[in-house]
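Understanding the architecture of this molecule
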Amino acid sequence: MADPSLMIFRRNPLQLTLLYLSIASLWILFSDALLLALGLDRDALAHYQSLKGFLFVLVSGLALYCALAQHWREQHLARTALKGSEERLALALDSAQEGMWDWDMKSNRVFYSRRYCEMLGYSPEDFGADREAWLSRLHPEDRERAVETLRRHLANETHHYDVEYRMRVRTGEYRWYRARGRVLRNAESTPVRMSGSFTDITDRKLIEQALQAEKELAEITLAAIGEAVLTTDVQG
């Protein structure tokens, strides 16, 4: 919790600047008026003018130190909280056997979690840190659909990003993955950041393909039986 005595330093830069100018102006006007009212001689007046100048510099420096200290403290707490949140999220995703990705659109850099890279057979150091690391490994037959799904979400045509595609792992084979995420927009609704999860669904896809093959085989078998029955009926 912030120190109530330092709440004044949580104003925005313009407010702090105006506050500083106001205090400085009042200091100059009233301190000069006070010195003149004391009826000091020229030497004493010059001495006290210098003294009040040094005092003002001291007070200004102390106020600047408090403002910077408060700013540093808040930034440190924010970084600590963010790091803790990221560590908890990474632990939760690792426990669920899921990877994490985060795309900063201003720098066009992409963070791929260690688990994400490991599911493709890489370490974070040799996987890459941009969109090309993802695009270059997409299966040619899935690339257009994956990119179009991303485009539609960035264009605010979908509430969530959810797509399944194949990616080439380090051994050269392709495995199935599901990517889910959501974009973060600024006040002008411009996409600025996007993050989400990454799951290996190869086993599920293999089961689906096997069931589909069995279904097609059953349909072919039933059709063949039906044709045989009709042929038998026709031939008597």
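Below, the structure is looked at part by part. Bear in mind that the values here come from a model prediction, so they are computed numbers and not experimental data.

Reading guide: rules and limits
Residues numbered from 1 in each chain as written. Predicted model: local features only at pLDDT ≥ 70, side-chain atom pairs only at ≥ 80, totals over all residues. Heavy atoms only, no water. Pairing = 2+ DSSP bridges. Helix = DSSP H or I, 4+ residues; strand = E, 2+ residues; numbered from the N terminus. Axes fitted to C-alpha atoms, helices over the stretch in contact; angles between N-to-C directions. Contact = heavy atoms within 4.5 Å. Buried < 20%, exposed > 50% of the residue type's maximum accessible area, 1.4 Å probe, protein only. Polar contact = N/O pair within 3.5 Å; in protein donor to acceptor, adjacent residues only side chain to side chain.

1. Topic: the sheet that holds strand β5 (residues 191-200)
A sheet is described by the order of its strands in space; here five strands give the open sequence β2-β1-β5-β4-β3, paired in antiparallel fashion. Every interior strand has two partners, whereas the edge strands, β2 (109-112) and β3 (161-168), have only one. Strand after strand, the sheet turns through a mean of 25° between neighbouring axes, direction not considered. In this structure, strand β1 (residues 98-104) lies alongside β2, joined through four bridges in antiparallel fashion. The partner of Trp103 across the bridge, within β2, is Val110. Running over the sheet, helix α6 (residues 140-154) touches β1, β3, β4 (174-185) and β5 and is turned about 155° from β3.

2. Regarding the environment of Thr202
As for its placement among the helices and strands, Thr202 is situated in helix α7 (residues 202-234). Judged by its relative accessible area of 7%, Thr202 is buried. Measuring from C-alpha to C-alpha, the distance between Thr202 and Arg175 comes to 5.7 Å, with 27 residues separating the pair along the chain. Apart from the residues within four sequence positions on either side, Thr202 is in contact with Arg175 and Trp176. At 3.0 Å, the side chain of Thr202 forms a polar contact with the backbone nitrogen of Trp176.

Any link to function would need more than the numbers given here.
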